[in-house]
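Residue-level structure breakdown
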Amino acid sequence: DAMVIQNPRYQVTQFGKPVTLSCSQTLNHNVMYWYQQKSSQAPKLLFHYYDKDFNNEADTPDNFQSRRPNTSFCFLDIRSPGLGDAAMYLCATSTSPGLAAYEQYFGPGTRLTVT
Amino acid sequence: TQLLEQSPQFLSIQEGENLTVYCNSSSVFSSLQWYRQEPGEGPVLLVTVVTGGEVKKLKRLTFQFGDARKDSSLHITAAQPGDTGLYLCAGADSGAGSYQLTFGKGTKLSVIP
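What comes next is a walk through the structure. (Residues numbered from 1 in each chain as written. Chains lettered and ligands numbered in written order. Predicted model: local features only at pLDDT ≥ 70, side-chain atom pairs only at ≥ 80, totals over all residues. Heavy atoms only, no water.)

Secondary structure assignment for chain A yields 0 helices and 11 strands. Along chain A, from the amino end to the carboxyl end, the secondary structure elements read β-β-β-β-β-β-β-β-β-β-β. For the C-alpha atoms alone, the extent of chain A along its principal axes is close to 40 × 30 × 30 Å. When burial is assessed residue by residue, chain A has 50% of its 115 residues classed as buried. (Helix = DSSP H or I, 4+ residues; strand = E, 2+ residues; numbered from the N terminus. Buried < 20%, exposed > 50% of the residue type's maximum accessible area, 1.4 Å probe, protein only.)

Residue and element names in this part refer to chain A. Of all 6 residues making up strand 8 (residues 73-78), 5 are buried, and the element is well covered by its neighbours. Sheet analysis places strand 3 (residues 19-25) next to strand 8, joined by 6 bridges and oriented antiparallel. Considered in strand 8, the bridge of T20 is made with D77. Judged from the 4 bridges that link them, strand 7 (residues 64-67) and strand 8 form a sheet pairing that is antiparallel. Across the sheet, Q65 pairs through a bridge with D77, a residue of strand 8. Hairpin connection, strand 7 to strand 8: the antiparallel pair is bridged by 5 residues. (Pairing = 2+ DSSP bridges.)

Now for the interface of chain B and chain A. Listed per partner, the contact involves 25 residues of chain B and 24 residues of chain A. Interface of chain B and chain A: buried area, both sides summed, is about 1900 Å²; carbon and sulfur atoms make up 58% of it. Counting across the chain B and chain A interface gives 1 salt bridge. With its nearest N and O atoms 3.5 Å apart, the salt bridge here joins R9 of chain A to E41 of chain B. Summed over the shared surface of chain B and chain A, the number is 5 residue pairs in polar contact (both at pLDDT 80 or more). Where the side of chain B that touches chain A is concerned, the elements lending two or more residues are strand 4 (29-37), strand 5 (44-49), strand 9 (85-93) and strand 10 (101-103) of chain B. Considering each element in turn, the side of chain B that touches chain A owes the most residues, 5 residues, to strand 4 of chain B. (Contact = heavy atoms within 4.5 Å. Buried area = accessible area lost by both parts, 1.4 Å probe. Salt bridge = Lys/Arg side-chain N within 4 Å of Asp/Glu carboxyl O. Polar contact = N/O pair within 3.5 Å; in protein donor to acceptor, adjacent residues only side chain to side chain.)

This part covers the nonpolar core. Of all hydrophobic cores here, the largest spans 21 residues; its most connected members are L19, L32, W34, F63, L74, I76 and L109 of chain B. Secondary-structure elements contributing two or more residues to this core are strand 3 (19-24), strand 4, strand 5, strand 7 (61-65), strand 8 (71-76), strand 9 and strand 11 (107-112) of chain B. With 18 residues, the next largest nonpolar core counts L46, F47, Y49 and A87 of chain A among its residues. (Core = buried A, V, L, I, M, F, W, Y, C linked by side-chain atoms within 4.5 Å.)

Moving on, we come to the pattern of salt bridges. Residues and elements named next belong to chain A. In total, this model carries 5 salt bridges over all chains according to the counting rule given. Between R67 and D77 there is a salt bridge; the shortest N-O distance is 2.8 Å. A residue pair is termed long-range when its members are at least 10 positions apart, and R67 in strand 7 and D77 in strand 8 qualify at 10 residues.

Residue and element names in this part refer to chain B. If you trace the 5 strands from one edge of the open sheet to the other, you get 1-3-8-7-6, paired in antiparallel fashion. The open sheet terminates on both sides in strands that have one partner only, identified here as strand 1 (5-7) and strand 6 (55-58). Taking each pair of neighbouring strands and ignoring which way they run, the sheet shows an average axis angle of 15 degrees. Alignment of strand 6 against strand 7, held across 4 bridges, turns out to be antiparallel. What sits directly across from K57, in strand 7, is T62. (Axes fitted to C-alpha atoms, helices over the stretch in contact; angles between N-to-C directions.)

Further remarks concern the side chain of Q25 of chain A. Position of Q25 of chain A relative to the elements: it lies in strand 3. If we skip the residues at most four places from it in the chain, Q25 of chain A touches M3, V4, M32, R68, T71, S72 and T93 of chain A.

If you want it as structure tokens, here you go:
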């Protein structure tokens, strides 16, 4: 089945210790997104890629970086995690707008704990 | 900036009851999606509505897009415990070249057996 996969599902890191979350997709979608979601809140967009074009949200802290080495993979790097960065991180994909009404398909998420 | 107001924020009902969740905006959306998210999982797409006035049914769930494409509703008939979760509406920006969704804040539904 075509899908969005996130690894790991749970990640514990120490305050200030860099961490990388990964996302892969078999949907062959052009667009990949990273969201941060805190308890029972809506997902908050951090950035997205359209193919290799990177688009950062204005309020995304510099502490958050991303890489997309190819169509299938996308990484979220948190350079110096703070306690406030503890959250669920969601990866999502979509096709080019106009082809499927902007539908986004989400992975299962990575729950990040910062100690 | 487009905003989606979702209500109610929390809803706790008994099994078998009906409920409606609302998603309202002053902005026009080119499409609107509804997602359900279970604890510890990512949101799962339930439906996309595109045409003003459109009604879609998914078993006991009925989705409606407003005539002006500014609002939407989700109606659940005879709720089951398996319907428990966070329901999110998300609107697609009608601006050209935009790939983003505007999310409502979500409705946390608990269906009590």
